[in-house]
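Here is how the chains run, residue by residue.
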Amino acid sequence: MSAVQTETEPSLKKVLGRIDVLALGFGAMIGFGWVVLTGDWLSSAGTMGAVLAIITGGVIMAIVGLTYAELCAAMPKAGGEHNYIMRAMGPRPSFIGSWAIIGGYVTIVAFEAVALPKTVQYIFPDLSHIPLWTVAGFEVHLTWALVGAAAAVVITAINIRGVKEAGVVQTFVVIFLLAIGLVMIAGAFTGGSASNMEPWFHGGMNGFFAVLVVVPFLFIGFDVIPQSAEEVNIPAKQIGKLVVVAVVMATIWYIMVVLTTSSAMPAADLAGTDIATADAVGAMFNSDLMAKILIAGGIAGILTSWNSLLMGASRLMYSLARSGMLPAWFGRLHPKYGTPHNALLFIGALSFLAPFGGAEMLGWLVDSGAPSIVLAYTLVSISFLILRRREPAMDRPLRVGGKGKGGIVIGIAATIFGAALFSLYMPGMPAALGVEPWLLFGAWWVIGLLYFFRVPGGIKAGPDAEEHLLAKLRAKVRA
């Protein structure tokens, strides 16, 4: 049985300010997908079809984000989903939601570790030396894989040294990323053309859904803000508001990327490019150097997403260990830096190994994590509704939807949207997943089941559910 945390252990440090929090949330969402996927969006749905899908996805995520905003303000503790679902539905559903979002985080952290050497190779084409093996037709080279592995070591080390240090790095990299966005806008006005943006729509509903289904992957990260809430030194109400602000900023970013990229080159030319967004910027400025600067922005996106989601996943594992759901080893804090260093080392090790699986892992990782992410969002939305009904007097510094039934409407909409998104991944649907993503998804949940059945049943949900869980675990250990 997992050991149980004691009350005498050190706690997380409150060191993050408003800018740190916003940079974490926004930076987590703006990973590498906008660099490598924009060309696919345009070929699948056309310029306005892709924009419409992103706006639709942004609205869905904003509605889900509103439920997070209220719950985060009411329960500003590390672990986010873990706390909300525990209070609404009890320990076992809480474990399912937490394990789901950890799975989403881990797949994207691994994705970024694979995406980095792929991106660096655009700048240094002669990167690959010393062949190792072939995975799904991709020959993995030692020098290529070591780029991602070395970055895993550096980012993990930064996070172990403290959330403030990680937050400072995040803020500077996000500023650079925003500067790249301004470059893209300037390029569209000086070197782009509205005629290149045709066709405006393509592929009908299949094209629309092809873009919509990647929304969970594109927007995962706003929930890093609730994960780090215990380390935030601002009023709880403002933490909740920043969740929604981060989602709106990410939506604007993705729309900007689609519009500027499509303006640079005819759709047929974009379809033949290696990395559409970079080649588009190169065409707008008629400069290979500018294309490489865009790639530098892609690297910035990789680092911001990687940094944020590593932080979020480690805080969730810390919270599960603190509740006795995972081994206490994951809940130990560094004696000097006060960070969950063991959880960070575990996830860092997975990201270190990921590049050795080759570039084909990129698509599999994106697809395998998406259903878990949507499952967690749906459980949080349901928890929001349960707590609104069962605990109407609960202290809610930020009450979404006003004093009437607006909040209930938001919660119902978020739940329906979550279930609808999840259904799109099923066999026979427009975005049905392939065999490899389902195998990765299944492997993660087989591991989760080993811990799920070790969580005691029969514990009622409520504000003291975690205390009852810990008491039951202690009694079982003594017995």
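Here is what the cut-offs are and how they apply
- Residues numbered from 1 in each chain as written.
- Predicted model: local features only at pLDDT ≥ 70, side-chain atom pairs only at ≥ 80, totals over all residues.
- Heavy atoms only, no water.
- Helix = DSSP H or I, 4+ residues; strand = E, 2+ residues; numbered from the N terminus.
- Rg over C-alpha atoms; globule rule 2.2 N^0.38 Å.
- Buried < 20%, exposed > 50% of the residue type's maximum accessible area, 1.4 Å probe, protein only.
- Contact = heavy atoms within 4.5 Å.
- Areas by Shrake-Rupley, 256 points an atom, 1.4 Å probe, with all protein chains shown as cover.
- Lys, Arg positive; Asp, Glu negative; His and termini not counted.
- Charge placed at Lys NZ, Arg CZ, Asp CG, Glu CD.
- 1 Å grid on protein atoms, 1.4 Å probe; cavity = no way out; pocket = protein on both sides within 12 Å on 5 of 7 lines; lining within 4 Å.
- Points joined across faces, edges and corners; volume = space filled by probe spheres on them.
- Phe/Tyr/Trp six-rings, centres within 6.5 Å; stacked < 30°, edge-to-face > 60°.
- Lys NZ or Arg CZ within 6 Å of the ring centre and 35° of its normal.
- Patch = residues over 30% accessible without salt bridge, like charges linked within 9 Å, V, L, I, M, F, W, Y side chains within 5 Å.
- Salt bridge = Lys/Arg side-chain N within 4 Å of Asp/Glu carboxyl O.
- pLDDT = per-residue confidence, 0-100.

To continue, consider the overall build of the chain. Looking only at helices and strands, one finds 20 helices and 2 strands in the chain. For the chain, the C-alpha radius of gyration of 22 Å lies close to 23 Å, the compact-globule estimate for 479 residues. With the C-alpha coordinates aligned to their principal axes, the bounding extent of the chain is approximately 70 × 55 × 45 Å. Within the chain, buried positions represent 59% of all 479 residues. Considering only contacts in the chain between residues 6 or more positions apart, those separated by 24 or more positions represent 82%. Working note: accessible area of the chain is about 18,000 Å², and carbon and sulfur atoms make up 68% of it. Counting 29 positive and 26 negative side-chain charges, the chain places the averaged centre of each group 17 Å from the other.

Regions of empty space are outlined by a rolling probe, equal in size to a water molecule, passed over the atoms. Empty space within the largest pocket amounts to approximately 720 Å³. Lining the largest pocket are 34 residues, and of these V36, L37, D40, V214 and G363 lie nearest its centre. Looking at the lining of the largest pocket, the elements with two or more residues in it are α2 (33-36), α3 (38-45), α6 (91-123), α9 (204-212), α13 (267-271), α14 (276-285) and α17 (361-390). It is α3 that contributes the most residues to the lining of the largest pocket, 6 residues altogether. Estimates place the volume of the second largest pocket at around 490 Å³.

Moving on to helix α5 (residues 81-89). For α5, a buried count of 8 out of 9 residues is recorded, marking the element as mostly surrounded by other parts of the structure. The complete set of buried residues in α5 reads E81, H82, N83, Y84, I85, M86, R87 and A88. Within two residues after α5, G90 carries a phi angle of roughly 105°, on the positive side.

A word on the packing of aromatic side chains. Within the structure shown, the criterion is met by 20 aromatic pairs. Taking the centre distance of 5.1 Å and the plane angle of 55° together, the rings of F138 and W144 count as tilted. W144 gets classed as buried once you look at its relative accessible area, which sits at 1%. The structure contains a cluster of three or more aromatic residues connected by ring pairs, namely F95, W99, W444, Y451, F452 and F453. Against the face of F452 rests R92, its NZ or CZ located 5.2 Å from the ring centre.

What follows covers a nonpolar patch on the surface. Among the surface-exposed residues, M48, L52, W200, F201 and L259 lie close enough to one another that they form a single nonpolar patch of about 450 Å² accessible area. Checked against the element boundaries, M48 lands in helix α4 (residues 47-74). Looking at M48, the relative accessible area reads 30%, which means it is partly exposed.

Attention shifts here to the confidence of the model for the chain. Chain-level pLDDT for the chain is 84 on average; 94% of the residues reach the 70-or-more range. This stretch, residues 1-9, has a pLDDT under 50; its non-local contacts, to residues over four places away or in other chains, come to 22 contacts.

In this fold, A45 is placed in helix α3. The buried category is assigned to A45, whose relative accessible area is 2%. For the pair A45 and A210, spaced 165 residues apart in the sequence, the C-alpha separation amounts to 7.7 Å. Not counting the four nearest positions on each side in its chain, A45 is found in contact with A50, W200, F201, H202, G207, F208 and V211.

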